[in-house]
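Summary of structural features
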Amino acid sequence: MTGREREWSRGDRAKAAAKVMVGWVALLWLLEVVDVASGHALDGLGITPRTPSELVDVVPAAFIHFGFAHVAANTVPLLVMGFLAALGGLRRFAAVCALIIVADGLGVWLIAPAHTNTAGASGLIFGLFGYLLVTGFVERRPLGVLVGLLVGAVWGTSILVGLAPTQSGVSWQGHLLGLVAGVATAFVFRRRSPEPT
């Protein structure tokens, strides 16, 4: 493969990653428009803990938000971190997101305070943060390490604030579980370096 072919493949991967994340974020905004127009009928897709019937909401809850300010707060970090994670390949990205969303949602269902309703993309965002932060180290890839350090420098403080249990109306449990799931996912889906010949 020539250098130009490699460059095109990287460019194509970046375009695909950008399209996926723009589409994802657009879907979140569209769902919130529908939610508002329907008198917040979609808010019921959030997770109410330890209620067996709520298990079906584990995945949908990651796409539902409580107001436009909630979606706006999640838009930029999801767009950027999702794009960076998707550069590693869309199939891998889909598997990473699925594992984070399911693990985070089940964890919220198990340990969140009773009579709460948890929804939003922030659990996935915290998961992608953890995934990007450690993947480069796990796979021993210098570029991945650099990406992790940059992500940590840009969003590290916000992530720490989001883990504080003192904020009212914020699911620090969902944030913490998402972060742990993201770190674990980096190990589950790590790419092994080729053996030297």
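So, how was this worked out
- Residues numbered from 1 in each chain as written.
- Predicted model: local features only at pLDDT ≥ 70, side-chain atom pairs only at ≥ 80, totals over all residues.
- Heavy atoms only, no water.
- Helix = DSSP H or I, 4+ residues; strand = E, 2+ residues; numbered from the N terminus.
- Rg over C-alpha atoms; globule rule 2.2 N^0.38 Å.
- Buried < 20%, exposed > 50% of the residue type's maximum accessible area, 1.4 Å probe, protein only.
- Areas by Shrake-Rupley, 256 points an atom, 1.4 Å probe, with all protein chains shown as cover.
- Lys, Arg positive; Asp, Glu negative; His and termini not counted.
- Charge placed at Lys NZ, Arg CZ, Asp CG, Glu CD.
- Expected span 1.5 Å × (residues − 1).
- Bend = angle between axes of the 7 residues up to and from the residue.
- 1 Å grid on protein atoms, 1.4 Å probe; cavity = no way out; pocket = protein on both sides within 12 Å on 5 of 7 lines; lining within 4 Å.
- Points joined across faces, edges and corners; volume = space filled by probe spheres on them.
- Nonpolar A, V, L, I, M, F, W, Y, C, P; charged D, E, K, R; others polar.
- Contact = heavy atoms within 4.5 Å.

1. Quick word on the overall build of the chain
Helix and strand content of the chain: 6 helices and 0 strands. Each helix and strand of the chain, ordered N terminal to C terminal, gives the series α-α-α-α-α-α. Computed over C-alpha atoms, the radius of gyration of the chain comes to 17 Å, within 12% of the 16 Å expected from 2.2 N^0.38 for 197 residues, which places it in the range of a compact globule. Counting all 197 residues of the chain, 40% fall into the buried class. Accessible surface for the chain amounts to roughly 10,600 Å². Of this, 70% is attributable to carbon and sulfur atoms. Treating the 14 positive side-chain charges of the chain as one cloud and the 11 negative ones as another, the clouds have centres 14 Å apart.

2. Things to note about helix H4 (residues 122-139)
Between its first and last C-alpha, H4 extends 25 Å over 18 residues, near the 26 Å set by a 1.5 Å rise per residue. The largest bend in H4 is about 30 degrees, located at Leu133. Taking burial as the measure, the 18 residues of H4 include 15 buried ones, the bulk of the element. Positioned one or two residues after H4, Arg140 has a phi angle of 55 degrees, which is positive.

3. Thoughts on the layout of surface pockets
There is about 750 Å³ of room inside the largest pocket. Along the walls of the largest pocket sit 39 residues, with His70, Ser122, Val170, Ser171 and His175 positioned nearest its centre. Elements that contribute at least two residues to the lining of the largest pocket include exactly helix H2 (68-86), helix H3 (90-111), H4, helix H5 (142-162) and helix H6 (172-188). Here the second largest pocket defines a volume of roughly 600 Å³. Leu84, Leu87, Gly88, Leu143 and Gly144 are the residues nearest the centre of the second largest pocket, which is lined by 17 residues in total. Looking at the lining of the second largest pocket, the elements with two or more residues in it are helix H1 (3-37), H2, H4 and H5. Here the lining of the second largest pocket takes 5 residues from H4, the largest share from any one element. Residues that form the lining of the second largest pocket fall into these classes: 7 nonpolar, 4 polar and 6 charged.

4. Focus on the environment of Leu124
Mapped onto the secondary structure, Leu124 falls in helix H4. Classification of Leu124 as buried rests on a relative accessible area of 4%. Not counting the four nearest positions on each side in its chain, Leu124 is found in contact with Trp24, Leu78, Cys97, Ile100 and Ile101.

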